[in-house]
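# Structural features, examined
Each chain, letter by letter, is given below.
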Amino acid sequence: MSDIFLSYSQKDEERVRPIVRQLENLGWSVFWDRNMPPGKSFYDHIEEQLEAARCVVVVWSEHSVVSDWVLAEAEEGKSRKILVLLRIDEIKPRLGFRHLQAADLTYWNNDASHAQFKACIDAISALVPPPDLAKKTSPNISVTSVEPPVAKPQLPENFVLIKGGTFMMGSPKSEVDRGSDETQHEVRVSDFAMCRYAVTQEEWRMVTGSNPSYFKGDNLPVENVNWDDCQAFINRLNQKTGRMYRLPTEAEWEYACRAGTITPFNTGENLTTDQANYNGDYPYHNYPKGECRGKTVPVDHFETNGYGLYNMHGNVWEWCGDWYGSDYYEECRARGIVENPQGPETGSNRVLRGGCWINVARYCRSADRAHDSPSFRRYHFGFRLVFVPKL
């Protein structure tokens, strides 16, 4: 019998297959009706497997959410088993247990380090501990030795560890409304920990005793801060907490924003005002218009991206640590794969990323680059932090 009973629509088989592979690589046995034995009643075997499995994982998509068969399995699983929900499509189910929070794998790229996939694994393993891989034999798993577990850094609340990797930074020439300074080039970044949201006005006030923001609200992003203000805040925060925080590099910011995507936005080819706070009167590339709020929204508004980060598109521009250089990406491309780029050594302006509430959609693209004097304050400039663990 299997550890995990996986309920899904057969129309999603190709998208489900890598999920099964990852679960099996972690040591669990998975039943997903591709391993149905011959000479067995389909219905009887499904019932036996559902009864015996220790966990039911339901894969929600535009196909499965309207499948009577999947719904019946999910309802049965809910009454007997642990129920874990995965979402692989942009759907908004409205009924019953489908209100439960689902691990969002809509833009999952089959990477086991993906934040939402790891959240799913944590949910399963909390109640169904994975087998000892050193003792498990499987034709798909070859284990010759077991390394001692590597201690994970202790992260501050609301920070997520983002596994490093290689990605294409910048935008392809085919991307609509791209800038001339977005030359695509290959970049490798190391692991880093980033806050799930921009620094709030409450957090700023607790460190500095003041609030420079134009739009007031504890859970709104602090704005009207320049790059120098951010550095002063970080220095005081580091002294107060004994920890080390900093601004993200431009490469880290884009890597975190994309969360494995290669489209103009981490939401795909388009960004709606149901997904981000920008001037909806000016949508992207002839898409329909949306709402123009004319102000900031709370830092944890909208859904997160694939790494669990809020508002990487819109709301407030976010300062990065780098100096801006219009030709810097061309220089990087000429050098081949660049590892942990820090930007030009000197410059006049500092980099800003992400777009803001007052901007049109094109400036919210993952690759869009803005810059301004480190002494300029504007009511759409904010920032988020990167945490540096002590070694």
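The structure under discussion appears in the preceding block.
Right, let's walk through the structure included here. Note that residues are indexed from 1 along each chain, following the sequence as it is written. Confidence filtering applies because this is a predicted model: local features only for residues at pLDDT of at least 70, side-chain atom pairs given and counted only at 80 or more, and all residues used for totals across whole chains, interfaces and linings. Working from all heavy atoms in the structure, the side-chain values ignore hydrogens and water.

Below, the discussion takes up the pairing of strand 1 (residues 4-7). The two faces of a sheet get side chains in turn, since along a regular strand they alternate between them. Accessible area is worked out with a 1.4 Å probe on protein chains only. A residue is then buried under 20% of its type maximum, exposed over 50%, and partly exposed in between. In DSSP terms, a helix is any run of H or I states spanning at least four residues, a strand is any run of E spanning at least two, and both are numbered starting from the N terminus. Side-chain alternation along strand 1 places Ile4 and Leu6 on one buried face and Phe5 and Ser7 on a second face that is also buried. When strand 1 meets strand 2 (residues 30-31), the two strands line up parallel, connected through two bridges. Across the sheet, Ile4 pairs through a bridge with Val30, a residue of strand 2. The criterion for strand pairing is that DSSP finds at least two bridges linking the strands in question.

What follows is about the pattern of salt bridges. One side-chain nitrogen of Lys or Arg within 4 Å of one carboxyl oxygen of Asp or Glu is enough to make a salt bridge. With the rule as written, the count across this model stands at 19 salt bridges. Among the ionic pairs, Glu252 bridges to Arg246, the shortest N-O distance being 2.9 Å. Judged by its relative accessible area of 7%, Glu252 falls in the buried class. Through salt bridges with shared partners, a single network forms among Glu250, Glu254, Arg258, Arg353 and Arg369.

Time to look at the sheet that holds strand 12 (residues 338-339). The mixed open sheet is built from three strands, whose spatial order is 7-8-12. Both outer strands of the open sheet, strand 7 (165-169) and strand 12, are each paired with one neighbouring strand and no more. Contacts between residues were defined by any pair of non-hydrogen atoms, one from each residue, lying within 4.5 Å. Axis definition: a line fit to C-alpha positions, over the contact stretch in the case of helices; interaxial angles, taken between N-to-C directions, run 0 to 180 degrees. Contacts from helix 7 (residues 250-258) reach strand 7 and strand 8 (185-189) within the one sheet, and its direction differs from that of strand 7 by about 95°. Across the sheet, helix 8 (residues 328-335) lies against strand 7, strand 8 and strand 12, angled at about 80° from strand 8, the strand it touches most.

Here we have four strands laid out as an open sheet, ordered 14-13-11-15, and mixed in their pairing. The two strands at the open ends of the sheet, each matched to only one other strand, are strand 14 (370-372) and strand 15 (381-382). Where strand 13 (residues 350-353) lies against strand 14, three bridges are found, and the strand directions are antiparallel. Paired with Val351 across the two strands is His371, which belongs to strand 14.

The complete set of buried residues in helix 8 reads Tyr328, Tyr329 and Cys332. Down the axis, helix 8 shows its buried residues gathered within 95° of arc, on one side only. Contacts made by the buried residues of helix 8 are with strand 7, strand 8, helix 7, strand 12 and strand 13. Of the residues one or two after helix 8, Gly336 is the one with positive phi, at around 90°. What the arc describes is the spread of directions from the helix axis to the C-beta atoms.

A few words now on the side chain of Glu250. Its place among the elements puts Glu250 in helix 7. There is a polar contact of 3.2 Å between the side chain of Glu250 and the side chain of Tyr329. Whenever a nitrogen or oxygen atom comes within 3.5 Å of another N or O atom, the pair is scored as a polar contact, on the condition that within protein one atom can donate a hydrogen and the other can accept it, and that pairs from neighbouring residues in sequence are kept only if both atoms are in side chains.

What we call a nonpolar core is a set of buried Ala, Val, Leu, Ile, Met, Phe, Trp, Tyr and Cys residues that are connected through their side-chain atoms within 4.5 Å. If you look at the biggest cluster of nonpolar residues, it comprises 31 residues, and the most contacted ones within it are Phe233, Tyr245, Leu247, Trp319, Phe383 and Leu385. Apart from residues lying up to four places away in sequence, Phe383 is in contact with Ala198, Val199, Trp204, Val222, Val225, Cys230, Phe233, Leu247, Trp317, Glu318 and Trp319. The next biggest cluster of nonpolar side chains, apart from the first, holds 25 residues, and it includes Phe192, Met194, Cys320 and Tyr329.

Of note, Pro172 is situated in the loop between strand 7 and strand 8. Residues Pro172 and Thr263, spaced 91 residues apart in sequence, show a C-alpha to C-alpha distance of 9.6 Å. Residues in contact with Pro172, not counting those within four places in the same chain, are Arg178 and Gln184.

This part covers a nonpolar patch on the surface. On the surface, Tyr214, Ile358 and Tyr379 cluster together into a nonpolar patch covering about 300 Å² of accessible area. Within the secondary structure, Tyr214 is located in the loop between helix 5 (201-208) and helix 6 (227-241). A patch is a set of surface residues, each over 30% in relative accessible area and not in a salt bridge, joined within 9 Å for like charges and within 5 Å for the nonpolar side chains Val, Leu, Ile, Met, Phe, Trp and Tyr. Here the Shrake-Rupley method, with its probe set to 1.4 Å, supplies the accessible areas, and only the displayed protein chains count as covering residues.

Below, the discussion takes up unusual backbone geometry. Trans peptide bonds make up the majority, and among non-glycine residues the majority have a negative phi. One non-glycine residue, Asp177, lies in the positive phi region at around 65°. Inspection of the secondary structure assignment puts Asp177 in the loop between strand 7 and strand 8. Positive phi, normally seen in glycine, also occurs at Asn311, with a value near 55°. Note that Asn311 resides in the loop between helix 7 and strand 11 (317-323). Residue Asn311 is classed as buried on the basis of its relative accessible area of 9%.

Don't take any of this as a statement about function, it's just geometry.
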